[in-house]
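# Per-entry structural report
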Amino acid sequence: MAWFTPTLTLCKTRLAGAEWTSLSSAARGQGQDAEAMAQEVIATQVTRIRGRVAANSKNILGEAGTIPDELQGAFLALWVYEFITRLPAMKALLDELRVKSYDTALSELAAAARGDIAIVPPETAAPEAAQAGGVSVEVVRARENVAAPCHMDGLL
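Fair warning: this is a prediction, and the values are worked out from it, not measured in the lab. (Residues numbered from 1 in each chain as written. Predicted model: local features only at pLDDT ≥ 70, side-chain atom pairs only at ≥ 80, totals over all residues. Heavy atoms only, no water.)

Position of R98 relative to the elements: it lies in helix α5 (residues 96-114). On the basis of relative accessible area, R98 is assigned to the buried category, the value being 16%. Within polar-contact distance, the side chain of R98 engages the side chain of E19 at 2.9 Å. Sequence-distant contacts of R98, defined by excluding residues within four places in its chain, comprise R14, L15, E19, V80, I84 and L93. (Helix = DSSP H or I, 4+ residues; strand = E, 2+ residues; numbered from the N terminus. Buried < 20%, exposed > 50% of the residue type's maximum accessible area, 1.4 Å probe, protein only. Polar contact = N/O pair within 3.5 Å; in protein donor to acceptor, adjacent residues only side chain to side chain. Contact = heavy atoms within 4.5 Å.)

What follows concerns the environment of E123. Mapped onto the elements of the fold, E123 is located in the segment after α5. The spatial distance from the C-alpha of E123 to the C-alpha of W3 is 7.7 Å, given a sequence separation of 120 residues.

Quick look at helix α4 (residues 72-85) now. The terminal C-alpha atoms of α4, which comprises 14 residues, lie 20 Å apart, in line with the 20 Å expected from a rise of 1.5 Å per residue. By the criterion of burial, α4 is predominantly enclosed, with 10 of the 14 residues buried. Summarising the contacts, the buried residues of α4 are in contact with α1 (8-12), α2 (17-29), α3 (34-54), β2 (67-68) and α5. (Expected span 1.5 Å × (residues − 1).)

Attention now moves to the nonpolar core. The tendency in soluble globular proteins is for nonpolar side chains to be buried side by side. Counting residues in hydrophobic clusters, the biggest one holds 41 residues, and the most contacted among them are W20, L23, I49, F75, W79 and F83. Elements supplying a minimum of two residues to this core: β1 (3-4), α1, α2, α3, α4 and α5. Other than its neighbours up to four places away in sequence, I49 contacts I67, P68, L71, F75, L78 and L109. (Core = buried A, V, L, I, M, F, W, Y, C linked by side-chain atoms within 4.5 Å.)

Everything listed is a geometric property; what it means functionally is a separate question.
In structure tokens, the structure reads:
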């Protein structure tokens, strides 16, 4: 499995059951749905990771919504941090280890963008138009230069 689609079930493995219950209650208290909020954070972090991976021209993006499993730990650390910080009353859940994991995850994304982390190509790549470089353009022929000095005599 070189690339995978992150799920809420996977993300919840980084939270204790009581933490998810507390986060859900806090979201309801703010008139929000915790699961919808969590899915939004998943989508945001997937986009963030795909953008960093695509920053290195050697990398090939997988199908939409997938990320390389080399960055699964970084994804989960980013998701936990971003989800908890969306609920200001729950910042007590951001202990020193989670903040350090978040910082490490950001460093890993920067390393992936520089090419310091080898990303295994996906089994099924995204279409060429969805790759970072997009569709390439090839010049078939160059135009002949008609503005030679011999043709410019008398101008000015």
